[in-house]
Amino acid sequence: MWSQSFLASLHFSAPPKLSLVSPSSSPSSCFHHKIHKRILCLTQNPSSKTEISLSKRHLNLSILTLFFNGFFLLDKAKSIEELQRYTDSNNGFTLLIPSSYTKVDKAGANALFEEPNNGSNNIGVVVSPVRIKSLDQFGTPQFVADKLINAEKRKESTKEVEVVSVGERSGLGQQVYEFEYKIDSTRGGIKRVFSAAFVSSNKLYLLNVVHSDKPENPLDSSTRMLLEQVLHSFDALPLT
């Protein structure tokens, strides 16, 4: 932020004067060229110098803005490039995974991926048999979100949990419910969780994308965009 004293010191003068002078005027007094035997010159006065200086400053600020915006766009492109497709043919699901994440084995999870050197940031998928054929037979997205939050509240480690958003989208022949919530627990502090669920071939598919969101190190926009792409990519495989 610019300081108030600096902003107050800026003085925007009136536009520089344009005058017509005769060819007898001194060549050193202005830059000139003949137009219908008249010479158009810019009177060199202190105010014009001030405006030229301000114009250069504005130009430099514009260049810096374009420079940093370029890096922001590159950062977005980078986040897309860091994703790779993971497909589980046996269980019938697919999703995108950050290329830096590594697959690990854990009881109860059909697939689990962890960020290197920070296992609390992870992506997990659980597949379970169910009797229903579609998720809406179980309830609306809000109903399922309430069930999910209540399950989190029942955990001894949970201190506080808050729903951020609830929605749904169309998947491959089925509806996909999506949820976002924040949870504060004794295990790892505050975390952001992106969840997705759908039912296909009498199986319930659950995705949990967990990432640290502590006040001293909040979830940044580029990482959030990356995790949302993971969330939206979760889907069933075509039936063969």
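Structure shown above.
This is a predicted model, so every value here is computed, not measured. (Residues numbered from 1 in each chain as written. Predicted model: local features only at pLDDT ≥ 70, side-chain atom pairs only at ≥ 80, totals over all residues. Heavy atoms only, no water.)

Undergrad: Teacher, can you tell me more about the overall build of the chain here?
TA: On a plain count of helices and strands, the chain comes out with four helices and 13 strands. Here the chain, with 240 residues, has 33% of them falling under the buried criterion. As presented, the chain carries roughly 15600 Å² of accessible surface, and 56% of it is formed by carbon and sulfur atoms. (Helix = DSSP H or I, 4+ residues; strand = E, 2+ residues; numbered from the N terminus. Buried < 20%, exposed > 50% of the residue type's maximum accessible area, 1.4 Å probe, protein only. Areas by Shrake-Rupley, 256 points an atom, 1.4 Å probe, with all protein chains shown as cover.)

Undergrad: Which parts of the structure should I look at to understand the nonpolar core?
TA: The nonpolar side chains of soluble globular proteins are, as a tendency, buried together. Formed by 26 residues in total, the largest nonpolar core has its most connected members in Phe93, Leu95, Ile123, Val125, Leu207 and Phe234. With seven residues, the next largest nonpolar core counts Leu135, Val144, Phe179 and Ala197 among its residues. (Core = buried A, V, L, I, M, F, W, Y, C linked by side-chain atoms within 4.5 Å.)

Undergrad: Help me out: how do you make sense of the pattern of salt bridges in this one?
TA: A side chain of one charge can pair with a side chain of the opposite charge when the charged atoms of the two come close. Here the structure, examined in full by the defined rule, presents seven salt bridges. With a closest N to O distance of 3.2 Å, Glu152 and Lys155 form a salt bridge. For Lys155, a relative accessible area of 44% gives the class partly exposed. Residues Glu180 and Arg224 are paired through a salt bridge, measuring 2.8 Å at the closest nitrogen-oxygen approach. Of this pair, Glu180 sits in strand β10 (residues 175–185) while Arg224 sits in helix α4 (residues 221–233); the two residues are 44 residues apart in sequence, bridging distant segments of the chain. Under the relative-accessibility criterion, Glu180 is labelled buried at 5%. (Salt bridge = Lys/Arg side-chain N within 4 Å of Asp/Glu carboxyl O.)

Undergrad: What exactly am I supposed to notice about the sheet that holds strand β5 (residues 93–98) here?
TA: Hydrogen bonds between backbone atoms are what pair the strands of a sheet, whose relative direction is either parallel or antiparallel. With antiparallel pairing, three strands are arranged side by side in an open sheet as β4-β5-β13. Two strands lie at the open edges of the sheet, namely β4 (83–88) and β13 (235–236), each paired on one side alone. The pairing of β5 with β13 spans two bridges and is classified as antiparallel. Bridge pairing links Thr94 to Asp235 in β13. Of the strands in this sheet, β4, β5 and β13 are in contact with α4, which crosses β5 at around 170 degrees. (Pairing = 2+ DSSP bridges. Contact = heavy atoms within 4.5 Å. Axes fitted to C-alpha atoms, helices over the stretch in contact; angles between N-to-C directions.)

Undergrad: Sorry if this is basic, but what is going on with the sheet that holds strand β6 (residues 102–104) here?
TA: An order of β6-β7-β8-β12-β11-β10-β9 is seen for the seven strands of this open sheet, with the pairing classed as antiparallel. Each edge of the open sheet carries a strand with a single partner, namely β6 and β9 (158–170). Averaged over all pairs of adjacent strands, the angle between their axes in this sheet comes to 20 degrees, without regard to strand direction. Relative to strand β11 (residues 189–200), β10 is paired through nine bridges, and the arrangement is antiparallel.

Undergrad: Please explain the side chain of Asn121 as it appears in this structure.
TA: By secondary structure assignment, the location of Asn121 is in strand β8 (residues 118–129). Within the local environment of Asn121, its side chain forms a polar contact with the side chain of His211, the two groups lying 3.4 Å apart. (Polar contact = N/O pair within 3.5 Å; in protein donor to acceptor, adjacent residues only side chain to side chain.)

Undergrad: In this structure, what is going on with helix α3 (residues 141–153)? I would like to understand it.
TA: Think of an α-helix as 3.6 residues a turn; residues three or four steps apart then line up on the same face. In this model α3 runs 18 Å from its N-terminal to its C-terminal C-alpha over 13 residues, within 8% of the 18 Å that 1.5 Å per residue would give. Of the residues making up α3, those classed as buried are Pro141, Val144, Ala145, Ile149 and Glu152. Buried residues of α3, seen end-on, are gathered within an arc of 135 degrees and therefore sit on one face of the element. (Expected span 1.5 Å × (residues − 1). Arc of directions from axis to C-beta.)

Undergrad: Whenever I open this one, the packing of aromatic side chains confuses me. Can you help?
TA: Geometrically, a pair of aromatic rings is defined through the distance of the ring centres and the angle of the planes. With the rule as written, the count across this model stands at seven aromatic pairs. Arranged with centres 5.0 Å apart and planes meeting at 50 degrees, the rings of Phe198 and Phe234 form a pair that is tilted. One end of the pair, Phe198, is in strand β11; the other, Phe234, is in the loop between α4 and β13, and 36 residues separate them in sequence. Judged by its relative accessible area of 0%, Phe198 falls in the buried class. Three or more aromatic residues joined by ring pairs form one cluster here, namely Tyr86, Phe93, Phe113, Phe198, Tyr205 and Phe234. (Phe/Tyr/Trp six-rings, centres within 6.5 Å; stacked < 30°, edge-to-face > 60°.)

Undergrad: Help me understand the pairing of strand β12 (residues 203–212) in this model?
TA: Side-chain direction in a regular strand flips from residue to residue, so the side chains alternate between the two faces of the sheet. For β8 and β12, the ladder comprises eight bridges, and the chain directions are antiparallel. Looking across to β12, one finds that Ser128 is bridged to Leu204. Taken together, the ten bridges between β11 and β12 define a ladder with antiparallel strand orientation. Within β12, the residue paired with Val193 across the bridge is Val210.

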